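A structural walkthrough
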There are 2 protein chains.
Amino acid sequence: MLKYSKQTRLLLAVDCIVFGFDGEVLKLLLIKRGFQPEKGNWSLMGGFVQADESLDQAANRILKQLTGLEGVYLEQLNTFGDPQRDPMERTVSVSYFALIDIQKYETQISADYHAEWFQLKRTPKLIFDHQEMVEQARKRIRYKAAMHPILFELLPTKFTIPQLQTLYECVFNTTIDKRNFSKRVLATGLLIKLADKDKAGSKRGAYYYQLNMQNYYAKFQAFMNFIPNPDSL
Amino acid sequence: MLKYSKQTRLLLAVDCIVFGFDGEVLKLLLIKRGFQPEKGNWSLMGGFVQADESLDQAANRILKQLTGLEGVYLEQLNTFGDPQRDPMERTVSVSYFALIDIQKYETQISADYHAEWFQLKRTPKLIFDHQEMVEQARKRIRYKAAMHPILFELLPTKFTIPQLQTLYECVFNTTIDKRNFSKRVLATGLLIKLADKDKAGSKRGAYYYQLNMQNYYAKFQAFMNFIPNPDSL
DNA sequence: TTTTTAATTGTGAAAACAACACTTAAAAAA
DNA sequence: TTTTTTAAGTGTTGTTTTCACAATTAAAAA
């Protein structure tokens, strides 16, 4: 078959912004770039899109190659195409963000790979426009989390309400009244109370909860405002 | 300077999904594609990204070349990268959506170019994955419009509250009580009441309003839910 | 047994929202 | 000139949601 002759062909990359939560602060996963330019400097998980793979496939492949992570929450964020963003050669990058439970993958990541977790407030200087990608990802997560229950992706299967509250306070950089928070969260019908407690955080212990997956999937898209019955969208 | 040798280079395109409102229904701007494959079939406004231009620049250029439109609301939507999406040669496409006031550009568009407006409910079959792009754009607009005042981009500078209500009813495919609607809209502080009326739609005539641009920019990002004081974000 | 620490739980006041119908301006018709 | 017609404009009330606020309890540690 014919081709589109005379058109410019470009390098296309994928960069993954991986967020994790350790129970106290939000963290960002970074690696030391393995090739020139900027070899050895801190970078997001990135790589080139291959000839025969889709963007989602590329993002998943790159994430797995560089960190071992598989089957995590991954969502396309934005495509960055400034002609000068990579000084070596023009490269357009499709960014994705991932949300993972740090504990679940901690040993795996640090043992087999050279990725490291950084507190979001203490990230090193990043290559190219990666800092901007991170900022955009943070904004997107806040935006989405304000209306959809995505932050559960950052928690273990079993979690306590105080843990959940800490996470929300962390993401939104605010404090929330715990009576109101638990009322609100429980009112969603998304949580199932378990019989056992987490004794790590306090003497009394806090009850574990897990997601009601049925309700989770059903209500994931619901939100509200400006429009009378927006839940029917 | 060196290049990234051995990496695959791809065609990168931009496709613009242009929405307009004629006072009654939402419309979509389409053109007949001017080259193979699918020459002569209905398509979004698309073109290849050039070597020296950013994605935003490409989107604006292509929109101008194909429709004459300039300075309109344009926002990046999503990047589509299925390897098979263009049967001729692999092309990754960055989609953008635009919101414009049909009246303002009507003569210009239909006179100089071959673009045509279609009612959203009566769009012809589109090439490649353009139908999916349109669906995604509609979702995004609903989503965003439910929380941010973007729909004003579809109206003339001077508009009436009944016109605004029709637009919202149209986008959300619902009916809204006009007493509640006007209360809500006026409560935002976004509108300035003008002295003259639009006599076209009724005998009595409806007062014109215009945006308070100060408040419009200031409040554009505000929204609410799940979090106690989300307006402080 | 006492102390310490964090988890758990309820109420009332204020604000936001949803449901609902009549009056009025002004052109058109009689 | 009067009457009719049409869509614009406007308020109230009951309900729901949101916010502010503090005492009690379980359980380990002292």
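What you see is a predicted model; the values in this text were computed from it and never measured.

As for the interface of chain B and chain A
Every contact between the two is made by 54 residues of chain B and, on the other side, 55 residues of chain A. Together chain B and chain A conceal approximately 5,300 Å² of surface at their shared face, both sides included; 64% is due to carbon and sulfur atoms. The salt bridge partner of Glu89 of chain B is Arg9 of chain A, with a shortest N-O separation of 2.7 Å. Applying the counting criterion to the chain B and chain A interface returns 18 residue pairs in polar contact (both at pLDDT 80 or more). Secondary-structure elements contributing two or more residues to the side of chain B that touches chain A are β1 (9-21), β5 (73-80), β6 (91-101), α3 (130-145) and α4 (161-172) of chain B. Looking at the side of chain B that touches chain A, its residues break down into 31 nonpolar, 12 polar and 11 charged. Pairing between strand β1 (residues 9-21) of chain A and β1 of chain B: 3 bridges, direction antiparallel. Across the sheet, residue Leu11 of chain A finds its bridge partner in β1 of chain B, namely Arg9 of chain B.

Comments concerning the packing of helix α4 (residues 161-171) of chain A against helix α5 (residues 178-187) of chain A
Residues and elements named next belong to chain A. Running from N to C, α4 and α5 cross one another at 105 degrees; their axes reach a closest spacing of 11 Å. When the axis of α4 is compared with that of α5, the two are roughly perpendicular. In contact with Ile161, Leu164, Gln165 and Tyr168 of α4, α5 contributes Lys178, Phe181, Ser182, Val185 and Leu186. Residue classes in the contact of α4 with α5 are distributed as 6 nonpolar, 2 polar and 1 charged.

With respect to the sheet that holds strand β8 (residues 159-160) of chain A
Residue and element names in this part refer to chain A. The antiparallel open sheet is built from 3 strands, whose spatial order is β8-β10-β9. Edge positions in the sheet fall to β8 and β9 (191-198), since each has one partner strand and no second. Here 2 bridges tie β8 to strand β10 (residues 206-211), and the two strands are oriented antiparallel to one another. Considered in β10, the bridge of Phe159 is made with Tyr209.

Some words on the relation of the copies chain B and chain A
The operation relating chain B to chain A is a screw motion whose rotation component is 180 degrees, with 0.0 Å of axial translation and a residual RMSD of 0.1 Å. Taken together, the rotation angle and the small translation identify this as a two-fold axis. Of all interface residues in chain B, 100% are interface residues in chain A too; the two copies therefore contact each other through one and the same surface.

So, the side chain of Asp86 of chain A
On the secondary structure map, Asp86 of chain A appears in the loop between β5 (73-80) and β6 (91-101). For the buried Asp86 of chain A, no salt bridge exists, and the shortest N-O distance to an oppositely charged side chain is 4.4 Å, to Arg33 of chain A. If near-sequence neighbours (up to four positions away) are discounted, Asp86 of chain A is found in contact with Arg33, Pro37, Thr91 and Phe128 of chain A together with Tyr4 of chain B.

Quick look at the confidence of the model for chain A
For chain A, per-residue confidence averages 91 on the pLDDT scale, and 94% of positions sit at 70 or higher. Considering only residues more than four positions removed or in separate chains, one finds that residues 224-233 of chain A, a stretch of pLDDT under 50, has 22 contacts.

A closer look at α5 of chain A
The N-capping residue of α5 of chain A, defined by a side-chain oxygen 3.0 Å from the backbone nitrogen of Arg179 of chain A, is Asp177 of chain A. Looking one or two residues beyond α5 of chain A, the residue adopting positive phi is Gly189 of chain A, at roughly 75 degrees.

Regarding the environment of Ile31 of chain B
Residues and elements named next belong to chain B. In this structure, Ile31 sits in strand β2 (residues 26-32). Through-space distance from the C-alpha of Ile31 to that of Gly205 is 37 Å; in sequence the pair is 174 residues apart. In this structure, Ile31 is in contact with Asn41, Trp42, Ser43, Leu44, Met45, Leu66, His114 and Ala115, ignoring residues within four places of it in sequence.

Reading guide: rules and limits
Residues numbered from 1 in each chain as written. Chains lettered and ligands numbered in written order. Predicted model: local features only at pLDDT ≥ 70, side-chain atom pairs only at ≥ 80, totals over all residues. Heavy atoms only, no water. Contact = heavy atoms within 4.5 Å. Buried area = accessible area lost by both parts, 1.4 Å probe. Salt bridge = Lys/Arg side-chain N within 4 Å of Asp/Glu carboxyl O. Polar contact = N/O pair within 3.5 Å; in protein donor to acceptor, adjacent residues only side chain to side chain. Helix = DSSP H or I, 4+ residues; strand = E, 2+ residues; numbered from the N terminus. Nonpolar A, V, L, I, M, F, W, Y, C, P; charged D, E, K, R; others polar. Pairing = 2+ DSSP bridges. Axes fitted to C-alpha atoms, helices over the stretch in contact; angles between N-to-C directions. Parallel < 35°, antiparallel > 145°, perpendicular 65-115°, else oblique. Least-squares fit on C-alpha atoms with pLDDT ≥ 70 in both. Buried < 20%, exposed > 50% of the residue type's maximum accessible area, 1.4 Å probe, protein only. Lys, Arg positive; Asp, Glu negative; His and termini not counted. pLDDT = per-residue confidence, 0-100.

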